[in-house]
Every structure is written in structure tokens, then in C-alpha cells.
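Coordinate analysis (summary)
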Amino acid sequence: MSFDEIIDRRGSHCVKWDMMEKIYGVSADDGIAMWVADMEFRPPQCIQDAVQGMVDHGIYGYFGDDSEYRAAICWWMETRHGWHVDPDWIFTTHGLVNGTAMCLDAFTKEGDGVVLFTPVYHAFAKVIRASNRQLVECEMINANGRYELDIDAWDAQMTGNERMLVLCSPHNPGGRVWTKGELSAIAAFAKRHDLVIVSDEIHHDLVMPGNTHTPMSMIDGITDRLVVMTATTKTFNIAGSHVGNVIIEDPDLRARFNARMMALGMSPNSFGLFMATAAYSPAGAAWVDDLTAYLAENARIFDEGINAIPGLHSMALESTYLAWVDFAGTGMEMAEFTRRTEQGARIAINHGPTFGKGADSFLRFNIAAPRSVVEDAVDRMQVAFRDLQ
Ligand SMILES: Cc1ncc(COP(=O)(O)O)c(C=O)c1O
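A brief look at the structure comes next.

Parameters and conventions
Residues numbered from 1 in each chain as written. Predicted model: local features only at pLDDT ≥ 70, side-chain atom pairs only at ≥ 80, totals over all residues. Heavy atoms only, no water. Buried < 20%, exposed > 50% of the residue type's maximum accessible area, 1.4 Å probe, protein only. Helix = DSSP H or I, 4+ residues; strand = E, 2+ residues; numbered from the N terminus. Pairing = 2+ DSSP bridges. Right-handed = clockwise from strand over helix to strand, strands pointing away. Axes fitted to C-alpha atoms, helices over the stretch in contact; angles between N-to-C directions. Left-handed = near helix turned anticlockwise from the far one by under 90°. Contact = heavy atoms within 4.5 Å. Phe/Tyr/Trp six-rings, centres within 6.5 Å; stacked < 30°, edge-to-face > 60°. Lys NZ or Arg CZ within 6 Å of the ring centre and 35° of its normal. Core = buried A, V, L, I, M, F, W, Y, C linked by side-chain atoms within 4.5 Å. Polar contact = N/O pair within 3.5 Å; in protein donor to acceptor, adjacent residues only side chain to side chain.

Another aspect to go through is the pairing of strand S8 (residues 196-200). With respect to burial, S8 is a largely interior element, five of its five residues being buried. Neither face of S8 is open: one carries Val196, Val198 and Asp200, the other Ile197 and Ser199, and all of them are buried. As judged from the five bridges shared by strand S7 (residues 162-168) and S8, these two strands associate in the parallel manner. Considered in S8, the bridge of Met164 is made with Val196. Traced from S7 through helix H8 (residues 180-192) to S8, the parallel crossover comes out right-handed. Examined bridge by bridge, S8 and strand S9 (residues 226-230) share four bridges and lie parallel to one another.

Dropping the structure here:
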């Protein structure tokens, strides 16, 4: 397959294209959708075949015996991430936003503090607030266009009411792949403040060549407070299948999580399990290798073009396909650089402030699109900010 193929998604009930006019005032007819984190690519043939197999059979009943599915997850974590997972540690949730909500439900109570390192994926704050937990935003340091931890400041910020940390690893937005040293510092921070760590590793396969993701499970001494979440959905562009893996090694945490799963009557949909099982395979792995190489070149082209505009800076991505562009150097108000991007360049993007503290001068651009679309977006931005050249 070619990642260069342009596929018209309009009218397919996809949120990214079919909701962009309503939300951003950018028409899908002449605009480019670069917001929601899904890709403009079809998944690998092995997944299409799995869905086709279901359609050919034509009966969509309840799913039974997920041992093959669990084995596929274990194989993937072992071969791609060097992490040995026992099949019994895995829970299947309705995606990872649901996984996060389930963790809040299982391990915290109303009023408890839940820590985020901001700016960070906006849905975390949404579920924390919606479940009446206290959102605790610990702002990262933007060190010359690269996020770093600010552990001393965060230690001082803790009040004793905090019970959980939701970590994004690799980080969205900004694309940091946290080093083993940084993850150890985060683990020590969680221990000092007695926090359950929910490590959302949904972007772990989308790592740019030259970087290596370290699973949080590799960090010593935190198994009794650790939940790791991964998924096929981001990696293989099957987010609509809504399946997530919540992996818990510790028996006590596992029992508490299981109790909530049972109480809420949670069980997975069969499409998601068929697709995930097919994805975590040698054919899926080969596709991901091609994908990351393609995304890395997209990122290079995007960054080069955007960084050529005076006052704009696109963070160098170590991971993810979500370019995080800082407009601070333009001296413009947010309304102005957003207006130029949406009404001038006709690009629908995510607005910085939705990602929490420290993001007011940013917009997020999804560059997982055919190369010609990324090039078009760069050209449009250069025109929209031409007066700065
Ligand atoms: C860090 C992170 N977690 C979770 C999600 C969404 O997960 P799901 O679709 O499984 O709910 C996203 C989507 O962009 C994400 O970036």
C-alpha cells in the first residue's frame, strides 16, 4: 500500500472531516483536517482481511475465548517493546479514555487530586473533571522547544490530597519519548507522594527512528502502584474500533480494577478484538516500520517549512504524528494566529489551551497524511504568515 494515496473521508461519519466546519468554521471542501489524532491512511491488509472475514461470515454475535487476542498482545509487547506480559494481566476496555476513567473509578474517590504533566492530551482533564476529582496541573518546562520535567516544583505543589498520576508516555503533545532516567524520576515522585501511576503508552509504537520507548513497567520498584495502558487503535489507525489494553501486574490493583469492570458490566465488541488480534502480527509490525519511516519524513518536511516562518517553532518530534507549533515568537495574540491558520490557511487544528497549563501560544497539527497534503499545509501556512517573512 502507499501512504501517498489521498482518500476522501468526507461523508463517512469521521469526526475529523465531517465535524471540522461546525467546530472550526473550516469547510472540508477547501480545508485540511489536521486536528483529531487519527491518520489519513488505511490500516494494513491483515486488518482489512480480518474485518472482511467477519463480513463474509455475516453473523455478528457475542465474542468468546479471547486467548488468541491476549496472546497477540503478549507477543507484541515482548517482540516490539521487550516487555513480558502475562495474559492474565490484561483487561480490555472501550479504548483508553475509558481506561483512564475506569482507573479513576477503581483507584480514587470524589475530591481526590489527580496529577497531570501539562500541556497534555485534553481528554484526561475532561474525565478527571467529569468524575469530580480535583485536577492538579503540573506544568512542564519548555526548555528551548523541548519539554522537561520540573520535579522540584511539582514536589512543592503537592498537598497530600493527590492519589493518582496520569502519565503520557510518549508524550502528547510535544512528542517527548521519556528517557529511563526521567521515568525513574517520575517513579520516585509517585512514590514520595503515594500516587498510583496510570501510564498511557498509546503512542509507544509511533516512535521516530533513533528513539527508543521505555515501558514504565521496566522501572524498578513501582509494580504495586502501576497500571499501563496500550492500544492497537492509534498505531494502526483503527480508533473507531474502540479497544484498549489496560495491563496490571499487581494482583491487588488488578482485583480492584476487575471489581469495577464487573460492576459496570464491561465487555468488548467483537470487531475490536478481531482487528487487534490481526494487527499484533508480523504483517502488522512490517507495516508499522514503513509507517514510522513515512511519518518521520513528513515531520522533517513540516518542521523545515514551519520553522522557516519567523516567530514559529515546531517542536522536534521524538514520537507521535502530532506537530506542536509555538507561535510565541510572532508576538501575536492567540486569536490572531489561530484566525490566520483557520481562516487564512484553511486548516483545522487543535487549540493549545485545551491541553492545559503552558499551551496558550500553541496549535497542534496532525501530520499523519499523504505527503502532498503536508506540503500543501506548509505552503498555506507560509502564505498566511507571509508578512513575517
Ligand atoms: C495519550 C492518548 N491517550 C488516549 C487517546 C485516545 O484513546 P482512545 O481512542 O482509546 O480512547 C489519545 C488520542 O489521541 C491519546 O493521545
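In this section: the pairing of strand S12 (residues 322-326). Residues in a regular strand project their side chains so that they alternate between the two faces of the sheet. Counting buried positions over the five residues of S12 gives five, a clear majority of the element. Neither face of S12 is open: one carries Leu322, Trp324 and Asp326, the other Ala323 and Val325, and all of them are buried. Bridge count between strand S11 (residues 313-314) and S12: two bridges; the pairing is antiparallel. Across the sheet, residue Ser314 finds its bridge partner in S12, namely Val325. In this structure, S12 lies alongside strand S15 (residues 362-366), joined through five bridges in antiparallel fashion. Directly across from Leu322, in S15, lies its bridge partner Asn366.

Between helix H4 (residues 67-81) and helix H11 (residues 270-279), the shortest axis-to-axis distance is 8 Å and the interhelical angle comes to 35°. Along this stretch, H4 crosses H11, giving a crossing that reads as left-handed. Mapping the contact onto sequence places Glu68, Tyr69, Ala72 and Trp76 in H4 and Leu273, Ala276, Thr277 and Ala279 in H11.

Applying the stated criterion across every chain, the model contains 23 aromatic pairs. An angle of 70° between the planes, with centres 5.0 Å apart, marks the rings of Trp324 and Phe355 as edge-to-face. Note that Trp324 is positioned in strand S12 and Phe355 in the loop between strand S14 (350-351) and S15, a separation of 31 residues in sequence. Judged by relative accessible area, which is 0%, Trp324 ranks as buried. Both rings, one in Phe327 and one in Phe337, keep their centres 4.5 Å apart while their planes meet at 5°; by these two values the pair is stacked. On the criterion of sequence distance, the pair formed by Phe327 in the loop between S12 and helix H13 (334-344) and Phe337 in helix H13 is long-range, its members being ten residues apart. The class for Phe327 is buried, based on a relative accessible area of 0%. By relative accessible area, Phe337 is classed as buried at 1%. Across the ring face of Tyr294, the terminal group of Arg371 is positioned such that the distance to the ring centre comes to 4.1 Å.

Turning our attention to the nonpolar core. One finds Phe117, Met216, Phe365 and Met381 to be the most contacted residues of the largest nonpolar core, which totals 94 residues. Here this core gets nine residues from one element, more than from any other, and that element is helix H12 (residues 282-307). In contact with Met381, other than residues within four places in its own chain, are Ile306, Ile309, Leu312, Phe327, Thr341, Ala345, Ile347 and Phe365. If you look at the next biggest cluster of nonpolar residues, it comprises 29 residues, including Ile128, Cys168, Val246 and Phe257.

So, about the side chain of Asn237. Checked against the element boundaries, Asn237 lands in the loop between helix H9 (233-236) and strand S10 (244-247). Owing to a relative accessible area of 15%, Asn237 belongs among the buried residues under this scheme. Among the polar contacts made by the side chain of Asn237, one reaches the main-chain carbonyl oxygen of Met39 at a distance of 2.7 Å. For Asn237, the side chain forms a polar contact with the main-chain oxygen of Phe41, separated by 2.7 Å. If near-sequence neighbours (up to four positions away) are discounted, Asn237 is found in contact with Asp38, Met39, Glu40, Phe41 and Thr232.

None of the figures reported here should be taken as evidence of function without further support.
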